[in-house]
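Read off the chains here:
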Amino acid sequence: MAANNSDPIPDQLGEGGAGVKHETGEEVGEETSSSAAQATATTMLPRSSSRPQLDLSGAAIHGTLEDRNPTILLPNQSDDISHLALDIGGSLIKLVYFSRHAELSTEDKRKISTKRKLGMFNGGRRSYPILGGRLHFVKFETGKLNECLDFISSKQLHRGGIDSPSWRSGAQPDDIVIKATGGGAYKYADVFKERLGVSLEKEDEMDCLVAGANFLLKAIRHEAFTHMDGQKRYVQIDQNDLFPFLLVNIGSGVSIIKVDGHGEFQRVSGTNVGGGTYWGLGKLMTKCKSFDELLELSQRGDNSTMDMLIGDIYGGLDYSKIGLSASTIASSFGKIISENKELSDYRPEDISLSLLRMISYNIGQISYLNALRYGLKRIFFGGFFIRGHAYTMDTISFAVHFWSKGEAQAMFLRHEGFLGALGAFMSYEKHGLDDLRAHHLVERFPMGAPYVGGKIHGPPLGDLNEKISWMEKFVQKGTQITAPVPMGVPATTGMGGFERPTSKGDILRSDASAALNVGVLHLVPTLDVFPLLEDPKTYEPNTIDLDQDEFKYWFKILSDHLPDLVDKAVASEGGTDDAKRRGDAFAHAFSAHLARLMEEPAAYGKFGLVNLLELREECLREFQFVDAYISIKQRENEASLAVLPDLLMELDSMNEEARLLALIEGVLAANIFDWGSRACVELYHKGTIIEIYRMSRKKMQRPWRIDDFDMFKKRMLTDRKDQPYKRALLFVDNSGADVVLGMLPLARELLRRGTEVVLVANSLPALNDVTANELPEIIAEASKHCSILRKAAEAGGLIVDAMAGIQDDLKDEPVSVPLMVVENGCGSPCIDFRQVSSELAAAAKDADLLILEGMGRSLHTNLNAHFKCDALKLAMVKNKRLAEKLFNGNIYDCICKFEPVF
Ligand SMILES: CC(C)(COP(=O)(O)O)[C@@H](O)C(=O)NCCC(=O)O
Ligand SMILES: [Mn+2]
């Protein structure tokens, strides 16, 4: 690679490639007006010479003709279309591909009616401009090009998805063009043509690097991090203060690029001493066969046997006057001069480390000098040389820090290896990623080669069966595996059982697993930042930092809970052999994640409890456990609904002061029904639901650990009695008593006072949390015993017709304000308000009261969150350690935290 070439590189970004028309597919499945006007759309959508292509046969416009963006239905289009872009480097091929599952309109009655109420129904107009889907990152060794081609071919990535009718209907592969960058785009163009019949459209490497880095820094929250003294720290990049920065790409050679904006950059310098130098010299001097082997050797090296250190010159002392410690390298390989040794007398490990440090220091120093030259404070390092290698990053950081006296900061990127491929992806004319923001992206870490542990294992796994067989094989292989799957003792289930993970153990190979910590990016255009967050920029959902120590505790909690969870999950799927096999696979996969995080808590980005608890749920979903607690939830709902009428009668016999207190007590007491807490699960084994509830209520002695009840009561019953809240969002938690005997009666009280109530529930199951889908039925049942709820539910569109034969206990009630249900966009026991459903965001606009309930939503997360409206946080602390840590309190303490905005 050319050194010190400062020729400006013209801006070519954003223009490359022929039109890619699959974006029209995003409109499939959106709301359509019932009086849909139909027109053939085929002529409006020219076939693109670039890929992927759409099957436009039978296309029809739905919606009124006045609509500016009418829905276009493509009945014959595949439900999975993909973009593919490649970066074919000397040692690795990086693939970025996009898959999209057209989730055909699953709008149920609840959603439609809620959307209408919230003013979200737009008569067929597109409600979001960007496509949803998944962005996958995959690597192959260039030497195993065939594996890569097989992978592309097996997934039909070059033809727009495995079921794409574009190839069934005979579209000629000759037309297909794939964007590619890197030297291999030239070198292997013929192989791609021969094997896949596709042409590679070459994109400039530098353009791609910059476009990739800009996208990552804009769209991914935990992308950039510093690495000093072995510690990774994620840095929040302010979008308004991103440019200019220095981008140093360390490949075989090094390019140093000053980036001034999107598509605005200049290669200001470079050096010919780079990754190729390390690998070349290393190969010669150590006989290593691969770059990774050489890097791994350095792990065990001691560079002081070869490098002349300050201490060697100063008799073991620091040269403190100029700030050099005794261990600083004065001269790389300098010690060799005074020794009478052959190459074979030196350990390959030491050689590798000395080389690595020499080159890393040099790059760090040159980068700093260039940053100085242009007055830049931030330097991002990327390229295949780094590979998430701790020593390399530490050395570069040291150099930058040392020479800049702490003024400049070296930063690294989690997707560092994929900058080029991402940039090539961005060069499709319409890739749909332009408008993405961090809140639209959810990163998931599915199990399966070649991602696991960061080593490349050949083609990734397609279907579930393949994945499970792969896990089985790995389990049998034992300690050879890269993924840190704990070994199990034989048991009754399909895979030979699993064992609770015991510790991080020796099965982890630190560097291999640190190399790649890249998941699948789910693009969810319907996610929004919660509009009532006081300051989204400073908002941090997690109350406690999940550092190594804290993680150790959670590792044990979650590991201990695993066997019980697997039992429940397997039972929820009928206890079949298939379910057992999946149950074991789930346990292995989740244990592997835990072990990986135990080794490096920051492996998957900045990981808090909110992410960890969601990871467990996602892992269940990955192995197709739809709802592990379904039968428990149903049983508890039934039992609670049976006693609801008595409770409502009791409440109605009280004066309003006593009633308000009883209602809050009721919510706190019922929060005990939590299948995620070990202490609570032990309780259930001792008593019935009603016994536990009564006991829990009896224990409700005030003052609670945080007790703002009087303040809340004053707001409700005294200060602004005549000005009820307009709309309250009630974030409900668990099924059964928690929602039926706790939150519903509280909702009823608010409705009775003229407050609109929106019940906010999970979009997907998590433990025994009630979901938004389940709530309407529960409300309908509860409404049979209560006219307030019934009228409000009718007004909110939750129940359609007045039910016959209900007791009309409160005939003189005024016309009801609506009771609605919205989903929160989450499938976790916690909530991250930076990413909620657009439905919830819309409902929040007119809300002036939030009630967060439960340990997950108001203690683990959001205890310290500030909102633009009044907030009431209610929870029972069902974990001893948390009670001690947060409040110096005890297990089963209660929290009633009211935060009015004045
Ligand atoms: C998972 C939970 C946050 C659910 O609590 P909830 O939000 O339902 O009140 C909680 O049960 C929990 O933190 N459990 C793990 C700790 C334990 O077993 O004590
Ligand atoms: Mn819960």
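The rules behind each value
- Residues numbered from 1 in each chain as written.
- Chains lettered and ligands numbered in written order.
- Predicted model: local features only at pLDDT ≥ 70, side-chain atom pairs only at ≥ 80, totals over all residues.
- Heavy atoms only, no water.
- UniProt positions renumbered as here; feature names shortened; annotations may be inferred.
- Helix = DSSP H or I, 4+ residues; strand = E, 2+ residues; numbered from the N terminus.
- Buried < 20%, exposed > 50% of the residue type's maximum accessible area, 1.4 Å probe, protein only.
- Contact = heavy atoms within 4.5 Å.
- Areas by Shrake-Rupley, 256 points an atom, 1.4 Å probe, with all protein chains shown as cover.
- Donors = N, O, S within 2.8 Å, 3.2 Å for Na, K, Ca; no water.
- Axes fitted to C-alpha atoms, helices over the stretch in contact; angles between N-to-C directions.
- Parallel < 35°, antiparallel > 145°, perpendicular 65-115°, else oblique.
- Left-handed = near helix turned anticlockwise from the far one by under 90°.
- Nonpolar A, V, L, I, M, F, W, Y, C, P; charged D, E, K, R; others polar.
- Core = buried A, V, L, I, M, F, W, Y, C linked by side-chain atoms within 4.5 Å.
- Domains from an automatic or database assignment.

- An unreviewed UniProt entry annotates the protein chain as Pantothenate kinase 2 originating from Sorghum bicolor.
- Turning to the protein chain, the UniProt record has this under Pathway (unreviewed entry): "Cofactor biosynthesis; coenzyme A biosynthesis; CoA from (R)-pantothenate: step 1/5."

1. Side note on the overall build of the protein chain
- What the protein chain contains, in helices and strands, is 28 helices and 27 strands.
- Buried residues in the protein chain amount to 60% of all 902 residues.
- The contacts in the protein chain between residues at least 6 apart in sequence include a share of 73% that link residues at least 24 apart.
- Here the protein chain displays about 35600 Å² of accessible surface, and carbon together with sulfur accounts for 50% of that area.

2. What to know about the coordination of the manganese ion (ligand 2)
- Distances from the manganese ion (ligand 2) to its protein donors, Asp-733 (OD), Asn-734 (OD1) and Asp-769 (OD), fall within 2.0 to 2.1 Å.
- What makes Asp-769 buried here is its relative accessible area of 2%.

3. What to know about unusual backbone geometry
- Each neighbour pair has its own omega, and for Phe-243 with Pro-244 the value is -10 degrees, a cis peptide bond.
- Tracing the backbone through its elements, the reader meets Pro-244 in the loop between strand S9 (231-234) and strand S10 (245-250).
- Unusually for a residue other than glycine, Asp-229 sits at a positive phi of about 50 degrees.
- When you line up the elements, Asp-229 lands in the loop between strand S8 (224-228) and S9.
- Take Asp-229: its relative accessible area is 72%, and that puts it in the exposed class.

4. Quick look at the packing of helix H18 (residues 630-652) against helix H23 (residues 737-752)
- Remark: H18 packs on H23, axes separated minimally by 8 Å, with the N-to-C direction vectors making an angle of 40 degrees. What the angle tells us is that H18 and H23 run oblique. For the element pair H18 and H23, the recorded crossing hand is right-handed. Contact residues: Glu-636, Asn-637, Ser-640, Leu-641, Val-643, Leu-644, Leu-647, Leu-648, Leu-651 and Asp-652 in H18; Ala-737, Val-740, Leu-741, Pro-745, Arg-748 and Arg-752 in H23.
- Residues of the contact of H18 with H23, tallied by class, amount to 10 nonpolar, two polar and four charged.

5. Considering the nonpolar core
- Residues Phe-586, Leu-612, Phe-623, Ile-664, Leu-759 and Leu-819 are the most contacted members of the largest nonpolar core, which totals 113 residues.
- When residues of this core are sorted by domain, at least three fall in each of domain 3 (542-623) and domain 4 (632-801 + 814-899).
- Excluding residues within four positions of it along the chain, Leu-612 makes contact with Leu-546, Phe-551, Trp-554, Leu-558, Leu-594, Leu-597 and Phe-607.
- Counting 65 residues, the second-largest nonpolar core is a separate cluster that includes Phe-137, Leu-149, Tyr-188 and Met-206.

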